Amino acid sequence: MAEVLSIVIDVTLLTLVLALAAFGLAIIFGLVGVINMGHGALLTLGAYLAWWGVEGLGLPFPIAVIFATFGVALVGLALEHVLIRHFYDRPFDTLLLTWAFFIVTTEIIKLVFGPDFRNIANPIAGAIEFQGIAIPAYRGLVAMISLSVIATTALVIFKTTWGIRIRALIQNRQVAALLGLNVAQTYKVIFALGAGAAGLAGALIAPMMSIDPYIGNVFLVRSFFVVIVGGIGHLLGGTLIGSFLIGGSETLFALLSDQVVAQTIVFLLAIIVLRFRPQGLLTVK
Amino acid sequence: MTDSTKKDVGGLTRRQFLGGVAAGAAVTAIPAPAIIKRASAADPIKVGVISPLTGAWTVYGRAHIAGFELAVKEINAAGGVLGRPIEILPADSQTEPRIVSEQANRLIRRERVDFLAGTFSSAERNAAGPVVEGADKVLLYPTFYEGQEQEYYPGVCNPNIFMFGPEPTQQVWPHLEYIVNNYGGKFFMIGSDYAWPRVTNMVTKQKLAELGGEVVGEEYIPFNTPQYESVLRDIRNSGADVIFHSLTGSDTVNFRQQLAAAGMKEDFVLWTVDDEEVVTSGLGQDVPANDYVSFDYFMSLKTANNGPFLERFKAEFGNDALMNTVGVAMYNAAHMSAKALEAAGEVSSEALRANLKGMTFDGAPQGPVRMREVDNQLVLPSYLMRVNPQWTSVNDMFIEVQGFESVEPLTARCEGLPL
């Protein structure tokens, strides 16, 4: 029984941490339709801003996280205003633009912060005992934050007037514009929101990982799989189910095989899902 | 590897690659000594240095090239070799074996370097193997590696490649007894999924079995794995005494952060054969506290040569610059090759090969080292260190547990010895 519970907890932690990392992409790719190859760079930037907040400015970690979130949101806003907004009708151009943004940002990070590994001390060291199972305290907290961030965003989109506008925009951009919706402004806000979510994720993940110029890359491909497998535009259910398939299920396969095989099976599974449900698991045709 | 490098080299086909190698081989058709004789006395001796300056192993790149640069500066300040200065032609491997063979070809064919130094991972060295073989140029290889096995020829067992870093019977074997006697013989082995960790573990197992120990778990992790829940669970359930660790790059940091966060440090002893000064700096104080590390060189070493060496290094590269086993191997490689050419009185691959063999170098920062004649493997010291929980800088990062001044490795498993 304890073994089963420990597996359930592992799966939950893996799923929710990946969901947090993928969420910014789910917003930008899912709602605005920009294939944001710069997502990894936004995560990296979040991690470095949090590190700089703690080490350089002497901020307490929670404040540094907020600082990183708004910092990256601002970068997202600037990116949207200067470049992306001129290319909404040309998705492949945005793919290249965001890729260029990724390369430039990574190199700037290397120049400013250097290529060395950086680290943030674990803000809540130690583990919590639950039914005889040790849960890493900080990872547990990050998983909870992940769930509440995703749930709150979903609530905003499904229960508020502002959310109705966004959904109208996704369904039919022209009609929404004809009905008086400020399309440009709404896109801008969503893009900044997505960037901010990536910044938050990068900052929160930073104490669990090595902070180096490639920290975001590790999550880039996985994030795309999460969004596409879960279904584009399904912020709550799609992100969670996608994260379970791409992240959480790995630990189940690892029970039966070694890590290399487990990771391979997961991506194989993703391909099979996309073959039979190319619209994603949650999208009804 | 980043996706950008993938894009850059995606178009390189096997045919083009073979073409490049063949072209490299064609250079040997031109009588090399003729070119060298035409060079005037003041023309520099050119050395191509291939380092991981971008890509996944960028963090190791700076110490890698800095070690060679420092030695060359010292050699040139003392009048060069045979009255000629040494010139470094740096090249970026992008942490990508295919780029290594391109760069090695370019350096040999177009830049006409006299010999090569560097490459970082075993995969990179193996990519350079056929190139130096075909062009008959010497490669000085600096990294701790899996040892020489005929199967991986021409990356190893190659008369043109000289090994300046420790292999497992030098890096691991001398310290197994201490660990087993103090903490028990049940090992859980975790490493990155490529040749070096797998072969290192295989070699380690032989000696471990002799000492009555056993392997209770063995996991290999694909590169760039962010989360380690399932591996940590396997370790917890394995009943292991010791985690024997050979993950590399950012994976090593991610794993060790998460191991510490899971509160598992009290229950297991961790021994890493990968994490030198650069990685340990990235881990901070708490995460690596009291873990074991073994190498031939540490910045914390109190040998007679190390203090003055670090002073010169810091004067050149700044007070915060990091040195490590690989950088020091590059330093030794530069000095020893210069001495070999000086002794021969001429600059050629043959002179280098003949005179490097059997050479002893007393100026090595870790203590005297010797290039073994039979298999081109450096005989060097081996130290087991414990990470100081209160370390403040690289000077007090590691506490010496035990050290051996000169460790002879097992003879390389190559055909046709001596190389």
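Criteria and thresholds
Think of each chain on its own: its residues are numbered from 1, step by step along the sequence as written. The order in which chains are written sets their letters, starting at A; the order in which ligands are written sets their numbers, starting at 1. Where totals are concerned, whole chains, interfaces and linings use all residues; where local detail is concerned, this predicted model gives features only for residues with pLDDT of at least 70, and gives and counts side-chain atom pairs only at 80 or more. With hydrogens and water stripped out, all remaining heavy atoms of the structure feed into the side-chain values. Put simply, DSSP H or I for four residues or longer makes a helix, DSSP E for two residues or longer makes a strand, and each gets a number counted from the N terminus. Only C-alpha atoms enter the radius of gyration, while the globule expectation follows 2.2 Å times N to the 0.38, with N the number of residues. Buried residues are those whose accessible area, probed at 1.4 Å on protein chains only, stays under 20% of the maximum for their type, while exposed residues exceed 50% and partly exposed ones sit between those limits. Contacts are assigned to residue pairs with any non-hydrogen atoms lying within 4.5 Å of each other. To measure how exposed things are, a 1.4 Å probe is used in the Shrake-Rupley method; for residues, cover is taken only from the protein chains shown. Positive charges come from Lys and Arg, negative ones from Asp and Glu, while His and the chain ends are left out of the count. All charge positions are set by atom: Lys at NZ, Arg at CZ, Asp at CG, Glu at CD. Cavities and pockets are defined on a 1 Å grid built over the protein atoms alone: a cavity is a set of grid points where a 1.4 Å probe fits but cannot escape, while a pocket is an open set with protein on both sides within 12 Å along at least five of seven lines, and lining residues are those with an atom within 4 Å of any such point. Grid points are joined across faces, edges and corners, and a volume is the space filled by probe spheres set on the points. Residues were grouped as follows: Ala, Val, Leu, Ile, Met, Phe, Trp, Tyr, Cys and Pro as nonpolar; Asp, Glu, Lys and Arg as charged; and all remaining residues, including Gly, as polar. Strand pairing is defined by DSSP finding a minimum of two bridges between the two strands. For helices, the fitted line uses only the C-alpha atoms of the stretch in contact; every axis is such a line through C-alpha atoms, and the angle between N-to-C directions lies from 0 to 180 degrees. Handedness of a crossover is defined as follows: orient the strands so they point away from the viewer, and if the path from the first strand over the helix to the second runs clockwise, the crossover is right-handed.

Some remarks on the overall build of chain A
- For chain A, the helix and strand inventory stands at 11 helices and two strands.
- By the compact-globule yardstick of 19 Å for 285 residues, chain A fits well, its C-alpha radius of gyration being 19 Å.
- Counting all 285 residues of chain A, 54% fall into the buried class.
- Taking contacts inside chain A between residues at least 6 apart in sequence as the whole, the part at least 24 apart equals 75%.
- Total accessible area computed for chain A in this model is approximately 12,200 Å², and 72% of it derives from carbon and sulfur atoms.
- Distance between charge centres in chain A, computed from 14 positive and 12 negative side chains, equals 17 Å.

Thoughts on unusual backbone geometry
Residues and elements named next belong to chain B.
- Cis rather than trans, the peptide bond between Tyr153 and Pro154 has omega equal to 5°.
- For the bond from Leu417 to Pro418, the omega torsion is -5°, close enough to zero to count as cis.
- If you trace the backbone, Pro418 turns up in the segment after strand S14 (398-407).
- Positive phi values are uncommon outside glycine, yet Cys157 reaches one of about 55°.
- For Cys157, the location among the structural elements is in the loop between strand S4 (139-141) and strand S5 (161-163).
- With phi around 60°, Asn224 is a residue other than glycine that occupies positive phi space.

Observations regarding empty space enclosed by the protein
- In this structure the tally under the stated criterion is seven cavities of 30 Å³ or more.
- If you trace the largest cavity, you find 14 residues lining it, with Asp10, Ala134 and Pro136 of chain A together with Glu229 and Arg236 of chain B closest to the centre.
- Secondary-structure elements contributing two or more residues to the lining of the largest cavity are helix H1 (2-32) and strand S2 (133-136) of chain A together with helix H10 (229-238) of chain B.
- Split into classes, the residues belonging to the lining of the largest cavity amount to eight nonpolar, two polar and four charged.
- Lining the second largest cavity are Trp57, Tyr60, Phe120, Ser121, Ser122, Tyr141, Thr143, Phe144, Tyr194, Trp196, Thr248 and Asp274 of chain B.
- For the lining of the second largest cavity, a count of residues per class yields seven nonpolar, four polar and one charged.

Side note on the side chain of Ser230 of chain B
- Its place among the elements puts Ser230 of chain B in helix H10.
- Here Ser230 of chain B falls in the buried class, since its relative accessible area comes to 4%.
- Not counting the four nearest positions on each side in its chain, Ser230 of chain B is found in contact with Thr251, Ala254 and Gln259 of chain A.

Some remarks on H10 of chain B
- Where burial is concerned, most of H10 of chain B is hidden: seven out of the 10 residues are buried.
- Looking at H10 of chain B, one finds that the buried residues are Glu229, Ser230, Val231, Leu232, Arg233, Ile235 and Ser238 of chain B.

So, the environment of Pro365 of chain B
Residues and elements named next belong to chain B.
- Along the chain, Pro365 falls in the loop between strand S11 (360-361) and strand S12 (369-371).
- Under the relative-accessibility criterion, Pro365 is labelled buried at 0%.
- With sequence-adjacent residues up to four places away left out, Pro365 is seen in contact with Tyr297, Thr303, Asn305, Asn306, Phe309, Val328, Tyr331 and Asn332.

A short note on the sheet that holds strand S1 (residues 45-51) of chain B
Residues and elements named next belong to chain B.
- Pairing within the open sheet is parallel, and its five strands lie in the order S2-S1-S3-S4-S5. Bordering the open sheet on either side are strand S2 (86-92) and S5, each of which pairs with just one other strand. Ignoring which end each strand starts from, the neighbouring axes of this sheet average 25° apart.
- Contacting S1, S2 and strand S3 (115-118), helix H5 (residues 97-109) crosses the sheet at an angle of about 150° to S2.

Considering the pairing of strand S7 (residues 214-221) of chain B
All names here are of chain B.
- Sheet topology places strand S6 (residues 186-192) next to S7; seven bridges connect them, and they run parallel. Counted as the bridge partner of Phe188 is Gly217 from S7.
- Regarding topology, helix H9 (residues 195-210) serves as the crossover connection from S6 to the parallel S7, and that connection is right-handed.

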